[in-house]
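Structural description and commentary
The residues making up each chain are set out below.
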Amino acid sequence: MPLGRRGGRVSALRCAEEEAPGAAAAGSWASPQQPEAAAQQVLLRGIFEIGRSSCDVVLSLRALRWRPIQPERPAGDSKYDLSCKEEFVELKDIFSVKLKRRCFANQQGNGTLLGITLFICLKKEQNKLKNSTLDLINLSEDHCDIWFRQFKKILAGFSNRPTSLKILLNPQSHKREATHVYYEKVEPLLKIAGIKTDVTITEYEGHALSLLKECELQEFDGVVCVGGDGFASEVAHALLLRAQKSVGMEADSILTPVRAQLPLGVIPAGSTNVLAHSLHGIAHVVTATLHIIMGHVQPVDVCTFSTAGRLLRFGFSAMFGFGGRTLALAEKHRWMSPNQRRDFAVIKALAKLKPEDCEISFLPLNSSPDLQERRAQGSPKSDGDAQWHVTQGQFLNVSIMAIPCLCSVAPGGLAPNTRLNNGSMALIIVRNTSRPEFIKHLKRYASVKNQFNFPFIETYTVEEVKVYPRNKTSAHNPEEEDQLHETAPETSFPWNVDGDLMEVTSEVHVKLHPRLIDLYGESMEEMNDAKVTCNCL
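What comes next concerns the included structure. This is a predicted model, so every value here is computed, not measured. (Residues numbered from 1 in each chain as written. Predicted model: local features only at pLDDT ≥ 70, side-chain atom pairs only at ≥ 80, totals over all residues. Heavy atoms only, no water.)

1. Overview of the pattern of salt bridges
By the definition in use, this model includes 16 salt bridges. In this structure, Asp 135 and Lys 100 form a salt bridge, with 3.7 Å as the shortest nitrogen-oxygen distance. Here the residue Asp 135 occupies a position in strand 7 (residues 129–137), and Lys 100 occupies one in strand 5 (residues 94–102), the gap between them amounting to 35 residues. In this structure, Arg 313 and Asp 500 form a salt bridge, with 3.3 Å as the shortest nitrogen-oxygen distance. One end of the pair, Arg 313, is in strand 13 (residues 310–315); the other, Asp 500, is in strand 20 (residues 500–504), and 187 residues separate them in sequence. Given a relative accessible area of 9%, Arg 313 falls into the buried group. Here the salt bridges share partners, and the residues they tie into one network are Arg 65, Arg 67 and Glu 86. (Salt bridge = Lys/Arg side-chain N within 4 Å of Asp/Glu carboxyl O. Helix = DSSP H or I, 4+ residues; strand = E, 2+ residues; numbered from the N terminus. Buried < 20%, exposed > 50% of the residue type's maximum accessible area, 1.4 Å probe, protein only.)

Below, the structure written as structure tokens:
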């Protein structure tokens, strides 16, 4: 490189370093300029090598931009007429910054400085997120230190991002792979982001519930569960019970519940991962982890399940009838692999298909704009003039869902007409019909056809539902060879609540509570409004 060119490069570098403190001060968070102008104001400008090209790099409050530095073009020589395309990355997509060094074996100290590495969250197709890196190469310690400190200052300004998390692992989920999923895929990303973690591996069913009800959570910014839908539901239930306890409410009180105090992150490591799929549009471990790291939080509606004035649990979705009996059969055969157990239970339940004789009362959602606005803000109050509707008869299945329940076997959702936080539940009633017709309905969940376009199916948008089983002997017959639980009384009816078995001997009252818990994830509204495509089948 000619001496003049080298001298110019050093001069430019020196100027950038000398201007940095003043520029950073001018671009501080309390700038008197207009917001848009302040966001575009230059904080730092300097030269780095990016992708083997020397680049002019500019840092503002909103983005990092760079453009390759082109050699001066001799007059009339067109071969030097190269395009200089500017590239950029928004600072909100950067989740960590590290000094890049080269260290040799047995080398003392920090090694040779090479520059700065930025860790970036990128959005790909199918709502998938991936982590990437951008290396800014420069051998000057002083130059890199100025930029590194400025990057750290900007990242510290994203106050919604967690710095400390309580991690709960269910080692029994799916193929017992939750521990592997966490330590191989999740923990490395959390370490890069500088997030402190406290990990507990649960040892028995209900361990997470008892732990979260008692342990100190003040030092944590959020709770993360690694497991399936049942485990995620247990942790959400525990966080909500803890919130009730914090204001002096009884654990089984069905008064207006209190919002959970900490957001919940769901890392999918189960067999269906309905909750994670509904949150992110895809059951992908890295995507779920990056949403947590980036601090993407959205409120989600929750249901209370109660009987005889006593709270049974919190949950997001439930099935009674075929869905409940299928899960009860699967739970009896836990010794099988998850896929075998699920397929066996479905086939067995279809072979013994029979309806439940029950009465269903429901409170339709009032669609007045004023009420919907109040519910969108989290108000649980219904319209006092709303009338309960009653239907009774023989029902093969009853689904009550506050979330769309996306999964691999139903890419459009088991309840495609509801949302995560629109203040309503989907009530789907399947009346008694022939086995072939019912199977045809089930198969449509995996297709693009309308799975509810049958004369024996009714759908409603509701706020509350009460289910009163009337055929007391239809639940479990102790004399049957394939009884679900030999010790269960005849009046016990199985419910599938978020993939967890709940057995109840009487009526169940399901009530929606808008935006009761915050979950890590971005809003999937646009994805739900568009035609859903899925490659997980």
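2. Here's the deal with the environment of Asp 145
Inspection of the secondary structure puts Asp 145 in helix 3 (residues 141–156). Using a relative accessible area of 35% as the deciding quantity, one classes Asp 145 as partly exposed. Counting along the chain gives 30 residues from Asp 145 to Gly 115, while the straight-line C-alpha distance between them is 9.2 Å. A distance of 2.9 Å separates the side chain of Asp 145 from the side chain of Arg 149, its partner in a polar contact. (Polar contact = N/O pair within 3.5 Å; in protein donor to acceptor, adjacent residues only side chain to side chain.)

3. Description of the nonpolar core
By size, the foremost hydrophobic cluster in this structure holds 57 residues, and its most contacted members are Val 235, Leu 239, Leu 264, Phe 316 and Ile 517. With eight residues, the single largest contributor to this core is helix 6 (residues 229–246). (Core = buried A, V, L, I, M, F, W, Y, C linked by side-chain atoms within 4.5 Å.)

4. A few points about the packing of helix 4 (residues 178–192) against helix 8 (residues 285–294)
In the contact formed by helix 4 and helix 8, the axes pass within 10 Å of each other and the chain directions differ by 30 degrees. For the pair helix 4 and helix 8, the crossing hand works out as right-handed. Seen from helix 4, the contacting residues are Val 181, Lys 185, Val 186, Leu 189 and Leu 190; seen from helix 8, they are Val 285, Val 286, Thr 289, Leu 290 and Ile 293. Of the residues belonging to the contact of helix 4 with helix 8, the class tally is eight nonpolar, one polar and one charged. (Axes fitted to C-alpha atoms, helices over the stretch in contact; angles between N-to-C directions. Left-handed = near helix turned anticlockwise from the far one by under 90°. Contact = heavy atoms within 4.5 Å. Nonpolar A, V, L, I, M, F, W, Y, C, P; charged D, E, K, R; others polar.)

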